[in-house]
Amino acid sequence: MFPQTRMRRFRRNENIRKLVRESRVHAEQLIYPIFVVEGEDQINPINSMPGIYQYSLDHLLEEVERAVSVGINSIILFGVPAEKDAVGSGAYAEQGIVQEAIREVRAAYPDLVIIADCCLCEYTDHGHCGIVTAEGEILNDATLNLLTKTAVSQAAAGADIIAPSDMMDGRVGAIRNALDEAGYTQVAVMAYSAKYASAFYGPFRDAAGSAPQFGDRKTYQMDPACSVRQAMAETELDVEEGADYIIVKPALAYMDIMTRTREAFYQPIVAYNVSGEYAMVKAAAANGWIDEKRIVMEIMTGFVRAGADMILTYHAIDVAKWLQEN
Ligand code: PBG
């Protein structure tokens, strides 16, 4: 009875295929990460992330302009300080590298959405995201004070959104309170809620010089094999404490978490397409093994289909350019 070509009617030609598409990627939903380094005239390539560089302040606006010129409205900034210490003072210094970068970008682009990664690991000499005892334990509550100082200093510099990536318990509430008390009630919190202790962050740690000098992050970031319920519990706590946006990270191996958080919460969901995911694609593309544009667009579409509202990705400028070509 049924004709053989029932479903294929949707695929007959490009315009029909476009007509029935549900998942579309657009430049407005992309967030472009930029690394800012202290010093002058620095454009330092990151070996494990072809196409990504650390920029000193005097080159920062050129890179921001490259993103803005292809229709990207949001960036996230990561600071790489010249000096690191045990308590990550550079993270909350008024003249810290990220604070200066935010001021610089804000002055040139009043409407650009500036997100500030809020963590200590780029600024601590031990590379951990919190205060460490002599025995090597990462202290939760003592770390919160430093994170709140960091968040407030970033808001004062002009950040629109603070993105805590440390995975200490209670940090979203502490940051929310501190922002409100300082008068930054309009500054939002984008919480790395479902963040896993992942091998996919390797290239980022080259870029930020933030690899832990001993141990690992498994006592604060989630176990990749933990139940989905634990990710839901983490996210629920962050939402109760005031998270405005939810990040799922990494993205590719955690698309189920994206779908589940999208169903369970009303907050916008951000897919963080992390450094290792980027490095794999770039390496395979450089070898001529894959079609980079098609692979990247398929990955981006997959995030949207899985439930992501926004995509934080090192591919953002390429994606925005490819979208313009279509
Ligand atoms: C800081 C932070 C990390 C990433 C984002 N913020 C590194 C980590 O947790 O070790 C990773 C991003 C990436 O791999 O692209 N805590």
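Scroll up a little and you will see the structure.
What counts and how
Residues numbered from 1 in each chain as written. Predicted model: local features only at pLDDT ≥ 70, side-chain atom pairs only at ≥ 80, totals over all residues. Heavy atoms only, no water. Pairing = 2+ DSSP bridges. Helix = DSSP H or I, 4+ residues; strand = E, 2+ residues; numbered from the N terminus. Near = heavy atom within 4 Å. Polar contact = N/O pair within 3.5 Å; in protein donor to acceptor, adjacent residues only side chain to side chain. Areas by Shrake-Rupley, 256 points an atom, 1.4 Å probe, with all protein chains shown as cover. Nonpolar A, V, L, I, M, F, W, Y, C, P; charged D, E, K, R; others polar. Buried < 20%, exposed > 50% of the residue type's maximum accessible area, 1.4 Å probe, protein only. Contact = heavy atoms within 4.5 Å. 1 Å grid on protein atoms, 1.4 Å probe; cavity = no way out; pocket = protein on both sides within 12 Å on 5 of 7 lines; lining within 4 Å. Points joined across faces, edges and corners; volume = space filled by probe spheres on them.

Enquirer: How should the pairing of strand 3 (residues 53-56) be read in this particular structure?
Expert: Two faces, one strand: in a regular strand the side chains alternate between the faces of the sheet. Bridge analysis of strand 1 (residues 30-37) against strand 3 gives three bridges, and the strand direction is parallel. Looking at the pairing, Phe35 lines up with Gln54 of strand 3. Pairing between strand 2 (residues 43-45) and strand 3: three bridges, direction antiparallel. Across the sheet, Asn44 pairs through a bridge with Gln54, a residue of strand 3.

Enquirer: Sorry if this is basic, but what is going on with the site of the ligand here?
Expert: By nearness alone, 20 residues border the ligand, and Lys195, Arg205, Lys249, Ser275 and Tyr314 come closest of all. In the environment of the ligand, a nitrogen atom lies 3.4 Å from a nitrogen or oxygen atom belonging to the side chain of Asp117. Within the side chain of Arg217, one N or O atom sits 2.9 Å away from an oxygen atom of the ligand. About the coverage of the ligand: the protein hides 100% of its 400 Å² of free accessible area. A class-by-class count of the residues in the shell around the ligand yields eleven nonpolar, three polar and six charged.

Enquirer: It is not clear to me how the side chain of Ser56 should be interpreted in this structure. Could you clarify?
Expert: With respect to the secondary-structure elements, Ser56 resides in strand 3. The exposure class of Ser56 is buried, given its relative accessible area of 0%. A distance of 2.5 Å separates the side chain of Ser56 from the side chain of Asp58, its partner in a polar contact.

Enquirer: What is the right way to look at the environment of Asp41 in this model?
Expert: Among the secondary structure elements, Asp41 is positioned in the loop between strand 1 and strand 2. On a C-alpha basis, the gap between Asp41 and Glu240 in space is 44 Å, while along the polypeptide they are 199 residues apart. Beyond its immediate stretch of four places on either side in the chain, Asp41 contacts Ser56, Asp58 and His59.

Enquirer: What exactly am I supposed to notice about the layout of surface pockets here?
Expert: Unfilled space is identified by rolling a water-sized probe across the atoms. Empty space within the largest pocket amounts to approximately 750 Å³. Along its surface, the largest pocket is lined by 17 residues, and Arg21, Ser23, Met297, Thr301 and Asn326 are the ones closest to its centre. Contributions of two or more residues to the lining of the largest pocket are made by helix 1 (14-19) and helix 10 (292-306). Element by element, the count of residues in the lining of the largest pocket is highest for helix 10, at seven residues. Taken together, the residues that form the lining of the largest pocket break down as four nonpolar, four polar and nine charged.

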